[in-house]
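For reference, the chains in residue letters:
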Amino acid sequence: MSGTGTDRGTAGDERLRRWRMVLGGGEADGTGCALTGRDAAMDAALGALYGGGGEAGSRRTSGARSAGLGGSAPNVARWLGDIRTYFPSSVVQVMQRDAIERLGLAALLLEPEMLEAVEPDVHLVGTLLSLNKAMPETTKETARAVVRKVVEQLEKRLANRTRATLTGALDRSARISRPRHHDIDWNRTIQANLKNYLPEYRTVVPERLIGYGRAARSVKKEVILCIDQSGSMAASVVYASVFGAVLASMRSIATRLVVFDTAIVDLTDQLDDPVDVLFGTQLGGGTDINRALAYCQSKITRPADTVVVLISDLYEGGIRNEMLKRVAAMKGAGVEFVTLLALSDEGAPAYDREHAAALAALGAPAFACTPDLFPEVMAAALEKRPLPIP
């Protein structure tokens, strides 16, 4: 019986400890539980960000959660080291994002020692890109190293699957049923005609030939990524730049990457290095989708073999009716037009629903797309089949 009582007591203490960590201490939490050691240090790190006042890393003697990261890089750098010690990477990234947004710490990221302390992720890259023009020379190399680390992680996660998915889509879209002899795909032809096997002759009668056109080893499709670089699209810009580099590495796809706000920048020549692409963007500013689409439209040479991907929250600062006319004209010429409200893991941000509905009426439904779904969306567009809208 004593063992059972001890077990119950231990479980009860653990529940009180957890509630104390959640509620943050002080007289109002009602737990009466005091924290010591690692728990107290974790609570102080949380309090510095989510509590009421004080300095990072400090604790009141009452055990109540204190707060504040102060205004200096040493305080923040120490706090960043603490949270990496006490919390897993996914939690650290959330806390860093909250610290930047809630406490206005973006300016401190212009200091090299700060950048060396942070846990790199997509949102941090977006913040660094928005600070790019204000960044001192002493920080730029460190910032590029942070961005490159994130880009390499994303490429490792996404590149192979993207290439495999799109290669299959290109093969299927290029397949023809009356190929010349040297263009016959014998493996697929035999597989498609196994029902016509004649055992007495030990042969297959190929009633249907499957093969590829003469352009099988040349450029088959053209893809234009048209990316809104307004501040709310930061994560989408990062992912789109990585995908743009992956697409550009495929010989069968001619890839163009265009970023825009009220101005237009064609970054196609930098697609071999997505880090250069990202530092060529300027997050923030207004939006002129119509002007950007006019530029993209001028670069289309083979409409029936072209996919245009507009990544934008659709808040148009240009001429709305002209924007819709351009989309209709491109689709009428045979262009596959894809509208993504976001290309990120977070889902759709705030967006212009009226414009989204108007595009849907033109046969270009607007939807948010995760990076993992993007290869399937592109494969469907290349094959001119319905998009896998989530």
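Parameters and conventions
Position labels on residues start from 1 in each chain and follow its written sequence. Where local features are concerned, this predicted model is filtered to residues with pLDDT of at least 70; where side-chain atom pairs are given and counted, the filter is 80 or more; whole-chain, interface and lining totals use all residues. Computation of side-chain values: all heavy atoms of the structure, hydrogens and water removed. Going along the chain from the N terminus, every DSSP run of H or I of four or more residues is numbered as a helix, and every run of E of two or more is numbered as a strand. Buried means the residue's accessible area, taken with a 1.4 Å probe over protein chains only, is under 20% of the maximum for its type, while exposed means over 50%, and partly exposed covers the values in between. Areas reported here follow the Shrake-Rupley algorithm with a probe of radius 1.4 Å; residue values treat only the protein chains shown as occluding. If DSSP finds at least two bridges between two strands, the strands pair. Assignment of crossover handedness uses the view with strands pointing away from the viewer, where a clockwise path from the first strand over the helix to the second indicates a right-handed crossover. Patches here are clusters of residues that have more than 30% relative accessible area and form no salt bridge, with a 9 Å joining cutoff for like charges and a 5 Å cutoff for nonpolar side chains (Val, Leu, Ile, Met, Phe, Trp, Tyr). What counts as a salt bridge is simple: a side-chain nitrogen of Lys or Arg found within 4 Å of a carboxyl oxygen of Asp or Glu. Grid points spaced at 1 Å and placed over the protein atoms alone form the basis of the search, with a cavity being a set where a 1.4 Å probe fits but cannot get out and a pocket an open set showing protein on both sides within 12 Å along at least five of seven lines. Lining residues have an atom within 4 Å of a point. Grid points are joined across faces, edges and corners, and a volume is the space filled by probe spheres set on the points. Residues are grouped as follows: Ala, Val, Leu, Ile, Met, Phe, Trp, Tyr, Cys and Pro are nonpolar; Asp, Glu, Lys and Arg are charged; every other residue, Gly included, is polar. Residues belong to a common nonpolar core when they are buried Ala, Val, Leu, Ile, Met, Phe, Trp, Tyr or Cys residues joined through side-chain atoms within 4.5 Å. The contact rule is simple, with two residues in contact once any of their heavy atoms fall within 4.5 Å. A fitted line through C-alpha atoms represents every axis, and for helices the fit uses only the stretch in contact; the resulting angles, taken between N-to-C directions, go from 0 to 180 degrees. Expected helix span is taken as 1.5 Å per residue step, with the number of steps being one fewer than the number of residues. The directions from the helix axis to the C-beta atoms form the arc being described. Think of a polar contact as two N or O atoms within 3.5 Å of one another; within protein, one of them needs to be a possible hydrogen donor and the other a possible acceptor, and neighboring residues in sequence only count if both atoms come from side chains.

**Q** Tell me what's going on with the overall build of the protein chain, and back it up with residues and numbers.
**A** On a plain count of helices and strands, the protein chain comes out with 14 helices and 10 strands. A buried classification covers 47% of the 390 residues belonging to the protein chain. For the protein chain, the computed accessible surface area is about 18900 Å², with 51% contributed by carbon and sulfur atoms.

**Q** Can you break down the pairing of strand β10 (residues 366-369) residue by residue, with the values?
**A** When strand β9 (residues 336-343) meets β10, the two strands line up parallel, connected through 4 bridges. Residue pairing in the sheet places Leu 340 in a bridge with Phe 367 of β10. With respect to chirality, the unit in which β9 leads through helix α13 (residues 353-361) into the neighbouring parallel β10 is right-handed.

**Q** Can you break down a nonpolar patch on the surface residue by residue, with the values?
**A** A cluster of nonpolar residues, Trp 19, Val 22 and Leu 23, forms a patch on the protein surface that exposes about 340 Å² of accessible area. Tracing the sequence through the fold places Val 22 in helix α1 (residues 2-23). Relative accessible area serves as the criterion here: at 60%, Val 22 is assigned to the exposed category.

**Q** Can you break down empty space enclosed by the protein residue by residue, with the values?
**A** Enumeration over the complete set of coordinates arrives at 1 cavity of 30 Å³ or more. For the largest cavity, the calculated volume is near 70 Å³. Those elements giving two or more residues to the lining of the largest cavity turn out to be α3 (73-86) and α4 (89-103). Taken together, the residues of the lining of the largest cavity sort by class into 9 nonpolar, 1 polar and no charged.

**Q** I'd like a rundown of the nonpolar core, residues and numbers included.
**A** Counting 79 residues, the largest nonpolar core has Trp 79, Leu 109, Leu 128, Val 309 and Phe 374 as the members making the most contacts within it. Considering every element that reaches this core, the biggest residue donor is helix α7 (residues 137-174), with 10 residues. Residues in contact with Phe 374, not counting those within four places in the same chain, are Leu 225, Phe 243, Val 309, Leu 340, Leu 343 and Cys 369. In this structure, Ala 292, Leu 341, Ala 356 and Ala 358 belong to the second largest nonpolar core, which totals 23 residues.

**Q** Can you break down the sheet that holds β9 residue by residue, with the values?
**A** Backbone hydrogen bonds are what pair the strands of a sheet, in a parallel or an antiparallel way. With mixed pairing, 6 strands are arranged side by side in an open sheet as β7-β6-β5-β8-β9-β10. Since the sheet does not close on itself, it has two edges, and those belong to β7 (264-266) and β10, each with one partner. With strand direction ignored, the average angle separating the axes of adjacent strands in the sheet is 25°.

**Q** Any details on the pairing of strand β8 (residues 306-311)? Residues and values, ideally.
**A** Counting buried residues along β8, 6 of its 6 residues qualify, which places the element largely inside the surrounding structure. Pairing between strand β5 (residues 221-228) and β8: 6 bridges, direction parallel. Bridge assignment links Ile 224 to a residue of β8, and that residue is Val 308. Once the chain exits β8 it traverses helix α12 (residues 320-332) before rejoining the sheet at β9, and the crossover so formed is right-handed.

**Q** Mind laying out the layout of surface pockets, listing which residues take part and the relevant values?
**A** Empty space within the largest pocket amounts to approximately 380 Å³. In terms of lining residues, the largest pocket is bounded by 24 residues, among which His 123, Gly 231, Ser 232, Ala 234 and Ala 235 are the most central. Taken together, the elements giving at least two residues each to the lining of the largest pocket come down to α4, α6 (122-130) and α9 (234-248). Tallied by class, residues from the lining of the largest pocket come to 9 nonpolar, 11 polar and 4 charged.

**Q** Please provide a residue-by-residue account of the side chain of Thr 127, values included.
**A** Within the secondary structure, Thr 127 is located in helix α6. Once residues lying within four places of it in the same chain are set aside, the contact partners of Thr 127 are Ile 100, Ala 106 and Leu 109.

**Q** Give a detailed account of α12, specifying residues and quantitative values.
**A** Along its 13 residues, α12 runs 18 Å from first to last C-alpha, staying within 8% of the 18 Å computed at 1.5 Å per residue. Restricting attention to buried positions, one finds in α12 the residues Met 323, Leu 324, Val 327 and Met 330. In an axial view of α12, the angular spread of the buried residues amounts to 125°, which keeps them on one side of the axis. Exposed side of α12, more than 90 degrees from the buried face: Lys 325 and Gly 332 are the residues found there.

**Q** Tell me what's going on with the pattern of salt bridges, and back it up with residues and numbers.
**A** Tallying each qualifying case throughout the model produces 14 salt bridges. Note that Asp 266 is salt-bridged to Arg 256, the shortest N-O span being 2.6 Å. Here the residue Asp 266 occupies a position in strand β7, and Arg 256 occupies one in strand β6 (residues 253-260), the gap between them amounting to 10 residues. The class of Asp 266 is partly exposed, set by a relative accessible area of 26%. The exposure class of Arg 256 is partly exposed, given its relative accessible area of 25%.

**Q** Describe in detail the environment of Asp 372, supporting the description with residues and values.
**A** As for its placement among the helices and strands, Asp 372 is situated in the loop between β10 and α14 (374-383). On the basis of relative accessible area, Asp 372 is assigned to the partly exposed category, the value being 39%. The spacing of Asp 372 and Asp 345 is 27 residues in sequence and 8.6 Å in space, taken between C-alpha atoms. Contacts of Asp 372, omitting those with residues within four sequence positions, involve Arg 157, Leu 158 and Arg 161. For Asp 372, the side chain forms a polar contact with the side chain of Arg 157, separated by 3.4 Å.

**Q** Just give me the short version of α9, but keep the residues and values in it.
**A** For α9, spanning 15 residues, the distance from its first C-alpha to its last is 21 Å, which sits close to the expected 21 Å at 1.5 Å a residue. Judged by how many residues are buried, α9 sits mostly within the fold: 14 of 15 residues are covered.

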